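Spelled out from the first residue to the last, the chains are:
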Amino acid sequence: MYTASDLRKGLKIEMDGAPCVITDFQFMKPGKGQALYRCKIKNLITGGTVDKTFRAVDKIDKPNLEERDLIYSYQDGEHYVFMDSSTYDQVLIDAEVLGEQRHFLAEDMEVQILFHNNRPIEVTLPFFVEKTIEETEPGARGDTATNVMKPARIENGYEIQVPLFINQGDRVRIDTRTGKYADRVSKGF
Amino acid sequence: MNTGLQRLHAKRAALERRAACLRAIREFFHSRDFMEVETPVRLRAPAQERHIDAEPAGALFLRTSPELHMKRLLAAGYERLYQMGPCFRRNERGPLHHPEYTMLEWYRAAADYHDIRRDTIDLIRHVTRAVLGAEQFVWQGRTIRTNDEWSVISVRNAFMQWAGWDPVAAYEPDRFDLDLVEKIEPALREQESPVILTDYPQAAAALARLKPDDPDVAERWELYIAGLEIANAYSELTEPREQRERFNQCAEQRRAAGLTAYPVDTAFFAALEHGLPPCGGIALGVDRLVMLLADAPTLADVVAFTE
């Protein structure tokens, strides 16, 4: 159990059986009254946010969370198969839990997976991944402006926006947190 | 310069504003014949309040307010006193709180909370004019006109209007505190003049006397500017027996909640037994007033060091 004085931004708590994270936190103390802790709380499964004010005497549940480093192996239909490199256990993760991040997975990539009561709820990829551009309109030579973008397909057919100077065969880095192009690693042929 | 020094350097405008506020406050009290006093920072017996925790300092405590010593001076015949200096409250930390902060308190003999209200209006107008050369200021996008007539709203009416219940008729402490921060303060934020929220339920009297012709409420008000709580004023309770009962009740509540109950301040009670003249007093958070006049969003912006 946590008490209200443990509350802070980023703390993970359990509310109504769901794992949640505190996204905003404010200490308040009206007049001669009691300390109050006003929180914005995001449900880690649904993504929904609620406001809740705790009193100093309130007890808050700790979620049963476990973070594990797993290695991505392969896709099997709607499932993505990961392996625990110490136990060789296989873990199946649904596409839904991965969200858009599934497009940036690569074989042998090490990812962090957060489990709530042994159920995977959140996957964290390395912040940057490298991908090869499979298909895009030819680049405008000499145009190195990065504010004008065009569509491009990466290896698995996923489409991202890249600057005009990027060509087919270029290798680019993508920020997995935003799903956006970050920079060019090397030019193609 | 390292980052710590850079941060200090970047606070220069805010700290100059702070210095101007302190100077204007002292000018005001000097011009009105109030005597500046200094009372102990380390106390054996802090005022017994249910929700205010004193920081231990060896065998003593750091003061949460200079109130009890100021009242001993009143009992000894001093009539107009003020003090500005550090006070300490344990575990209070947030955008509007810091465990060490600057409090301004002043007291007047032969006066009540109405007299203190007039002082406060004059003080805020004087400081605004002296510091900004204006009768109004903008805090975080909200314009506050200090020269407009200040709104005076009773706690009962505020709760009836914005929270839908009457805390004077039936006081519920948890609901009162929650609604105050979630309903009343946001509504007060919309007011363009400073607001006096007055006549608290008897159960929330703290050290205020009850209204002689309406003992369900205490002669206590709080000043709100732009929804920020700035000051707390009383017609002071001078009756020793009632004061003792209230402190005892707070001590019991503190013990029941697993908190330290403070020793009895025998010198304070001796002063009350000797006789405290009818008096009014107030505690005003100087850092928050500076925040308003510096258009700063948090208290840490107007304090040089916030370790």
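Placed above this text is the structure.
Being a predicted model, the structure only gives us computed values, none of them experimental.

Caption draft 1: Expanded view of the overall build of chain B. From N to C terminus, chain B includes nine helices and 14 strands. Relative to a compact globule of 307 residues, whose C-alpha radius of gyration would be 19 Å, chain B shows 19 Å and is just as compact. Over its C-alpha atoms, taken along the principal directions, chain B stretches across nearly 55 × 45 × 40 Å. In chain B, which comprises 307 residues, the share counted as buried stands at 52%. Taken as a whole, chain B presents about 13600 Å² of accessible surface, with 47% of it coming from carbon and sulfur. Averaged over its 38 positive side-chain charges, chain B has a centre that lies 4 Å from the centre of its 47 negative ones.

Caption draft 2: Spatial organisation of the sheet that holds strand S4 (residues 60-62) of chain B. Residues and elements named next belong to chain B. The antiparallel open sheet is built from three strands, whose spatial order is S2-S4-S3. Only two strands of the sheet have a single neighbouring strand rather than two, namely strand S2 (42-43) and strand S3 (56-57). As defined by bridge partners, S2 adjoins S4 across two bridges and the pair is classed as antiparallel. The residue bridging Leu43 from the neighbouring strand is Phe61, located in S4.

Caption draft 3: Just a negative patch on the surface, in detail. All names here are of chain A. A surface patch of negative charge is lined by Glu67, Asp69, Glu110 and Glu122. Along the chain, Glu110 falls in strand S10 (residues 110-116). What makes Glu110 partly exposed here is its relative accessible area of 46%.

Caption draft 4: Fine view of the interface of chain B and chain A. Contacts between the two partners involve 23 residues from chain B, matched on the other side by 13 residues from chain A. Counting each side, the surface lost to burial between chain B and chain A is near 1700 Å², with a carbon and sulfur contribution of 54%. Ranking the residues of chain B by area buried against chain A places B:His51, B:Asp177 and B:Val181 at the top, with a combined share of 28%. Where chain B packs against chain A, one counts three salt bridges.

Caption draft 5: Quick peek at the packing of helix H7 (residues 240-256) of chain B against helix H8 (residues 266-274) of chain B. Residue and element names in this part refer to chain B. Where H7 contacts H8, the axes come no closer than 9 Å and their chain directions differ by 150 degrees. The pairing of H7 with H8 is recorded here as roughly antiparallel in orientation. Across from Pro240, Gln243, Arg244 and Phe247 in H7, the residues of H8 making contact are Phe268, Phe269, Leu272 and Glu273.

Caption draft 6: Structural view of the state of the cysteines. Here the structure, examined in full by the defined rule, presents zero disulfides over all chains. Residue A:Cys20 stays outside any disulfide, its sulfur separated by 11 Å from that of A:Cys39, the closest cysteine. B:Cys87 provides the cysteine sulfur closest to B:Cys250, a residue in no disulfide bond, and the two sulfurs are 18 Å apart.

Caption draft 7: Structural context of the environment of B:Val168. Residues and elements named next belong to chain B. Of note, Val168 is situated in the loop between helix H5 (155-162) and helix H6 (173-188). A residue is classified by how much of its surface remains accessible, and Val168, at 10% relative accessible area, is buried. Sequence separation between Val168 and Asn157 is eleven residues, and the spatial gap between their C-alpha atoms is 9.8 Å. What Val168 contacts, discounting residues up to four positions off in sequence, is Arg156, Pro201, Asp216 and Val217.

Caption draft 8: Summary view of the sheet that holds strand S9 (residues 90-94) of chain A. Residues and elements named next belong to chain A. Within the open sheet, the five strands sit side by side as S9-S8-S7-S10-S11. Their pairing is antiparallel. A single partner strand is all that each edge strand has here, and the edge strands are S9 and strand S11 (119-124). Across the sheet, the mean angle from the axis of one strand to that of its neighbour is 45 degrees, orientation sign disregarded. Across five bridges, the pairing between strand S8 (residues 79-83) and S9 is antiparallel. Paired with Met83 across the bridge in S9 is Gln90.

Cut-offs and rules
Residues numbered from 1 in each chain as written. Chains lettered and ligands numbered in written order. Predicted model: local features only at pLDDT ≥ 70, side-chain atom pairs only at ≥ 80, totals over all residues. Heavy atoms only, no water. Helix = DSSP H or I, 4+ residues; strand = E, 2+ residues; numbered from the N terminus. Rg over C-alpha atoms; globule rule 2.2 N^0.38 Å. Buried < 20%, exposed > 50% of the residue type's maximum accessible area, 1.4 Å probe, protein only. Areas by Shrake-Rupley, 256 points an atom, 1.4 Å probe, with all protein chains shown as cover. Lys, Arg positive; Asp, Glu negative; His and termini not counted. Charge placed at Lys NZ, Arg CZ, Asp CG, Glu CD. Pairing = 2+ DSSP bridges. Patch = residues over 30% accessible without salt bridge, like charges linked within 9 Å, V, L, I, M, F, W, Y side chains within 5 Å. Salt bridge = Lys/Arg side-chain N within 4 Å of Asp/Glu carboxyl O. Contact = heavy atoms within 4.5 Å. Buried area = accessible area lost by both parts, 1.4 Å probe. Axes fitted to C-alpha atoms, helices over the stretch in contact; angles between N-to-C directions. Parallel < 35°, antiparallel > 145°, perpendicular 65-115°, else oblique. Disulfide = S-S within 2.5 Å.

Distances and angles like these do not, on their own, reveal function.
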